[in-house]
Amino acid sequence: MKTGLQDSERGRKISAAAWILCGGHFDVEAKEEDLRELNARIEDPTLWDNAEEAQRLMQERARLEKVINEYKNAVSEIEDASMLFEMGLEEDDRDSQIEAVEALDAVQPQIEALELAQMLGGETDAESAFLDINAGSGGTEAQDWAEMLLRMYLRWAERKGFKTELMECTAGEEAGIKSATVSIKGDYAYGFLKAEIGVHRLVRKSPFDSGNRRHTSFSSVFAYPDIEREIDIDIDPSDVRTDTYRASGAGGQHINKTDSAVRLTHIPTGIVVQCQNDRSQHKNRAAAWKMLQARLYEREVELRNSEKQALEDTKTDIGWGHQIRSYVLDQSRIKDLRTGMETSNTQGFLDGDIDGFIQAELMGIRRGENSE
């Protein structure tokens, strides 16, 4: 090119522009139709008899309006930049061409936001989430690793501006945790966290080994949506076993005096949920029941999408051959085995800087869906 701009750089930016101008997989007309239907429902005065449902629809409308406006703004800016670029080519005006490419650079974050919104287009992606973490075999080492993962996801949620609440946490005998369930409230929390489902493998020189030898530990991560709307899931109470027990971990002196913690087991599916974050057994039971409904709802969605077996495989065998990511700390290397993405910034990653890995996996999931 006469401008001296690299062809690959120009091609990258024009390709990004084409993605939006041609619509890509972003069906803005369908989203506008969804918005019209939402507005019609919101205008129904009887809707406000159910304040929670009304609030949920208002939030959904705000999300749709935001993504539609971002799309239209990006299209407008790209059209202007493309026109300027073509004029620069016709007039051999190097400054105009450079200005156009810089304008495309400026709109790139909007394009990425649109791509992300499209990746998070699943039935329950926009929901808040429950996150389960379970230590694998290996005693104290594995339990310490589970607590490190818990900290990582809490830090990640904090970075995203999400609200977190520890619903259940079972402490390890010497250190770490055996299991934990966290409520993560925020738009698209589940959409992001579904990319983290699987077994996470840690390799490090163990601080619990007097010989400072290398140890390999496994912990599993499982996410499911916290459905804010009413869920039409019929659960036969006779299919649910209820156990109460004394809570463990932080929570005050009451944890050693009352059986306030509640565990629900859905016998037909084997799904287990538990809650111990409140002093009241009644409130813990209600929260656990909501969690069970969410788990069973997600199970139905998984069955419809033919994904159940893959998810179950990742969460049932916490060991070799099932890991999605390896954290090799003494080599300063974290590698995702699904996408091939790596980082040497292990401390930053464990402090919650995991969005790049999440987005890479979501893009892979999206490509797989589009190829079917």
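Within each chain, residues carry numbers counting from 1 in the order of the written sequence. For a predicted model such as this one, the threshold for reporting local features is a pLDDT of at least 70, and the threshold for listing and counting side-chain atom pairs is 80 or more; totals across whole chains, interfaces and linings nevertheless cover every residue. Excluding hydrogens and water, the side-chain figures rest on all heavy atoms present in the structure.

**So, the sheet that holds strand β8 (residues 271–275)**
A strand pair is defined by DSSP finding two or more bridges across the two strands. Strands here mean DSSP runs of E at least two residues long; helices mean DSSP runs of H or I at least four residues long; both are numbered from the N terminus. Reading across the sheet, the three strands line up as β6-β7-β8 and stay open at both edges, with antiparallel pairing between neighbours. Unpaired on one side and paired on the other, β6 (240–245) and β8 mark the two borders of the sheet. The mean angle between the axes of side-by-side strands here comes to 15°, regardless of whether they run parallel or antiparallel. The pairing of β6 with strand β7 (residues 261–266) spans six bridges and is antiparallel. In the sheet register, Thr-242 faces β7, and the bridge partner there is Leu-264. Every axis in this analysis is a line fitted to C-alpha atoms, fitted for helices over the stretch in contact. Angles between the N-to-C directions lie between 0 and 180 degrees.

**Concerning the pattern of salt bridges**
A side chain of one charge can pair with a side chain of the opposite charge if their charged atoms are brought near each other. Whenever a carboxyl oxygen of Asp or Glu lies within 4 Å of a side-chain nitrogen of Lys or Arg, that contact is scored as a salt bridge. Applying the stated rule across the entire model yields 22 salt bridges. Across the pair Lys-185 and Asp-226 runs a salt bridge, and its minimum N-O distance is 2.7 Å. Here Asp-226 lies in strand β5 (residues 214–226) and Lys-185 lies in strand β3 (residues 177–185), a separation of 41 residues in the sequence. Since its relative accessible area comes to 2%, Asp-226 is described here as buried. In this structure, Arg-325 and Asp-336 form a salt bridge, with 3.1 Å as the shortest nitrogen-oxygen distance. Residue Arg-325 is located in strand β9 (residues 323–328), and its partner Asp-336 is located in strand β10 (residues 333–336); the two are separated by 11 residues in the primary sequence. Each residue is placed in one exposure class: buried if its accessible area under a 1.4 Å probe, protein chains only, is under 20% of its type's maximum, exposed if it is over 50%, and partly exposed if it falls in between. By relative accessible area, Arg-325 is classed as buried at 0%.

**What to know about the pairing of β5**
For β5, a buried count of 10 out of 13 residues is recorded, marking the element as mostly surrounded by other parts of the structure. Where strand β1 (residues 128–135) and β5 come together, eight bridges link them in antiparallel fashion. Bridge pairing in β5 links Asn-134 to Ser-220. When strand β4 (residues 198–205) meets β5, the two strands line up antiparallel, connected through eight bridges.

**Section: helix α3 (residues 51–91)**
Expected span of a helix: the number of residues minus one, times 1.5 Å. Under the 1.5 Å per step criterion, the end-to-end length of α3 is 60 Å for 41 residues, consistent within 8% with the ideal 60 Å. With its phi angle positive at about 55°, Asp-92 sits one or two positions after the end of α3.

**So, the sheet that holds β1**
Taken in spatial order, the eight strands of this open sheet run β2-β3-β1-β5-β4-β9-β10-β11, and their pairing is mixed. The two strands at the open ends of the sheet, each matched to only one other strand, are β2 (163–171) and β11 (342–343). Relative to β3, β2 is paired through eight bridges, and the arrangement is antiparallel. Looking at β3, one finds that Lys-163 is bridged to Lys-185. In what follows, a contact means two residues having at least one pair of non-hydrogen atoms within 4.5 Å. Relative to the sheet, helix α5 (residues 140–160) contacts β1, β2, β3, β4, β5 and β9, its axis offset from that of β5 by approximately 45°.

**A few points about a negative patch on the surface**
Think of a patch as exposed residues, more than 30% relative accessible area, with no salt bridge, where like charges cluster within 9 Å and nonpolar side chains (Val, Leu, Ile, Met, Phe, Trp, Tyr) cluster within 5 Å. The Shrake-Rupley method, run with a 1.4 Å probe, gives the accessible areas here. Residue values count only the displayed protein chains as cover. As used throughout, the charge tally considers Lys and Arg to be positive and Asp and Glu to be negative, leaving His and the chain termini uncounted. Taken as the charge centre is NZ of Lys, CZ of Arg, CG of Asp or CD of Glu, depending on the residue. A surface patch of like charges, here negative, comprises Asp-27, Glu-29, Asp-34 and Glu-37. Mapping Glu-29 onto the fold places it in helix α2 (residues 28–42).

**Section: the UniProt feature "coiled-coil region" (unreviewed entry) in the protein chain**
In the numbering used here, UniProt assigns the "coiled-coil region" (unreviewed entry) feature to residues 50–84. For residues 50–84, the helix share is 97%, the strand share is 0%, and the end-to-end C-alpha distance is 51 Å. UniProt positions are given in the numbering used here, feature names are shortened, and annotations may be inferred rather than shown by experiment.

**Here we look at unusual backbone geometry**
The phi angle at Asp-92 is positive, at roughly 55°, despite the residue not being glycine. Mapping Asp-92 onto the fold places it in the loop between α3 and α4 (94–119). Its identity is not glycine, yet Tyr-188 carries a phi of approximately 70°, on the positive side. If you trace the backbone, Tyr-188 turns up in the loop between β3 and α6 (189–193). Look at Tyr-188 and you get partly exposed, because its relative accessible area is 23%.

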